[in-house]
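Observations on chain architecture
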Amino acid sequence: MKTALTTPANSNRTTQTSQLIPASPTLVENPSTWMRDGYSPTEIILAAAILTSLSIGGIASVIVAITGLVKTLVSPTSEKTK
(Lines give C-alpha, C1' and ligand atoms only; values in the text may rest on other atoms or scores of the structure.)
Protein backbone atom coordinates (compact mmCIF):
# COMPACT_ATOMS: atom_id res chain seq x y z
CA MET A 1 0.00 0.00 0.00
CA LYS A 2 1.45 3.28 -1.08
CA THR A 3 0.86 6.24 1.10
CA ALA A 4 1.24 9.60 -0.52
CA LEU A 5 1.63 12.68 1.46
CA THR A 6 -0.50 15.43 0.07
CA THR A 7 -0.45 19.00 1.16
CA PRO A 8 -3.58 21.06 1.11
CA ALA A 9 -3.93 23.28 -1.93
CA ASN A 10 -3.90 26.47 0.14
CA SER A 11 -0.68 25.77 1.97
CA ASN A 12 1.52 26.35 -1.10
CA ARG A 13 0.00 29.70 -1.93
CA THR A 14 1.79 32.78 -0.77
CA THR A 15 -0.07 35.89 0.13
CA GLN A 16 1.04 38.94 -1.76
CA THR A 17 0.46 42.25 -0.18
CA SER A 18 -0.08 45.13 -2.49
CA GLN A 19 1.48 48.43 -1.65
CA LEU A 20 -0.76 51.42 -2.00
CA ILE A 21 0.71 54.19 -4.06
CA PRO A 22 0.45 57.39 -2.07
CA ALA A 23 -1.45 60.14 -3.81
CA SER A 24 0.61 63.08 -4.85
CA PRO A 25 0.28 65.86 -2.30
CA THR A 26 -1.95 68.73 -3.35
CA LEU A 27 -0.30 72.08 -3.61
CA VAL A 28 -2.07 74.02 -0.88
CA GLU A 29 -0.05 76.88 0.42
CA ASN A 30 0.07 77.81 4.04
CA PRO A 31 -2.15 80.82 4.85
CA SER A 32 0.76 82.43 6.68
CA THR A 33 2.60 82.41 3.34
CA TRP A 34 -0.33 84.24 1.77
CA MET A 35 -0.16 86.94 4.41
CA ARG A 36 3.62 87.23 4.23
CA ASP A 37 3.72 87.45 0.44
CA GLY A 38 0.71 89.75 0.26
CA TYR A 39 -1.65 87.71 -1.89
CA SER A 40 -4.07 86.37 0.68
CA PRO A 41 -7.58 85.94 -0.76
CA THR A 42 -9.03 87.80 2.22
CA GLU A 43 -6.49 90.57 1.83
CA ILE A 44 -7.33 90.93 -1.86
CA ILE A 45 -11.08 91.08 -1.17
CA LEU A 46 -10.61 93.69 1.55
CA ALA A 47 -8.33 95.80 -0.64
CA ALA A 48 -10.84 95.64 -3.50
CA ALA A 49 -13.68 96.64 -1.16
CA ILE A 50 -11.71 99.57 0.25
CA LEU A 51 -10.63 100.79 -3.18
CA THR A 52 -14.18 100.47 -4.48
CA SER A 53 -15.62 102.45 -1.58
CA LEU A 54 -12.95 105.14 -2.00
CA SER A 55 -13.61 105.42 -5.71
CA ILE A 56 -17.36 105.63 -5.14
CA GLY A 57 -16.74 108.31 -2.51
CA GLY A 58 -14.48 110.17 -4.91
CA ILE A 59 -17.05 110.02 -7.69
CA ALA A 60 -19.77 111.22 -5.31
CA SER A 61 -17.65 114.17 -4.18
CA VAL A 62 -16.96 115.13 -7.80
CA ILE A 63 -20.69 115.01 -8.55
CA VAL A 64 -21.43 117.19 -5.51
CA ALA A 65 -18.72 119.65 -6.55
CA ILE A 66 -20.04 119.88 -10.11
CA THR A 67 -23.60 120.33 -8.81
CA GLY A 68 -22.42 123.12 -6.52
CA LEU A 69 -20.55 124.76 -9.39
CA VAL A 70 -23.58 124.58 -11.65
CA LYS A 71 -25.80 126.04 -8.92
CA THR A 72 -23.31 128.86 -8.39
CA LEU A 73 -23.05 129.67 -12.09
CA VAL A 74 -26.75 129.39 -12.84
CA SER A 75 -28.08 131.34 -9.83
CA PRO A 76 -26.58 134.77 -10.67
CA THR A 77 -27.63 134.61 -14.31
CA SER A 78 -31.21 133.64 -13.47
CA GLU A 79 -31.48 136.48 -10.92
CA LYS A 80 -30.28 139.03 -13.50
CA THR A 81 -33.02 138.12 -15.95
CA LYS A 82 -35.82 138.74 -13.43
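Right, let's walk through the structure included here. (Residues numbered from 1 in each chain as written. Predicted model: local features only at pLDDT ≥ 70, side-chain atom pairs only at ≥ 80, totals over all residues. Heavy atoms only, no water.)

Looking only at helices and strands, the protein chain has 2 helices and 0 strands in total. Of all 82 residues assigned to the protein chain, the portion counted as buried reaches 2%. Summed over its atoms, the accessible surface of the protein chain is roughly 8100 Å², and 67% of this surface lies on carbon and sulfur atoms. (Helix = DSSP H or I, 4+ residues; strand = E, 2+ residues; numbered from the N terminus. Buried < 20%, exposed > 50% of the residue type's maximum accessible area, 1.4 Å probe, protein only. Areas by Shrake-Rupley, 256 points an atom, 1.4 Å probe, with all protein chains shown as cover.)

The next point concerns a nonpolar patch on the surface. A cluster of nonpolar side chains, contributed by Val62, Ile66, Leu69, Val70, Leu73 and Val74, occupies part of the molecular surface with about 540 Å² of accessible area. Look at Val62 and you get partly exposed, because its relative accessible area is 47%. (Patch = residues over 30% accessible without salt bridge, like charges linked within 9 Å, V, L, I, M, F, W, Y side chains within 5 Å. Salt bridge = Lys/Arg side-chain N within 4 Å of Asp/Glu carboxyl O.)

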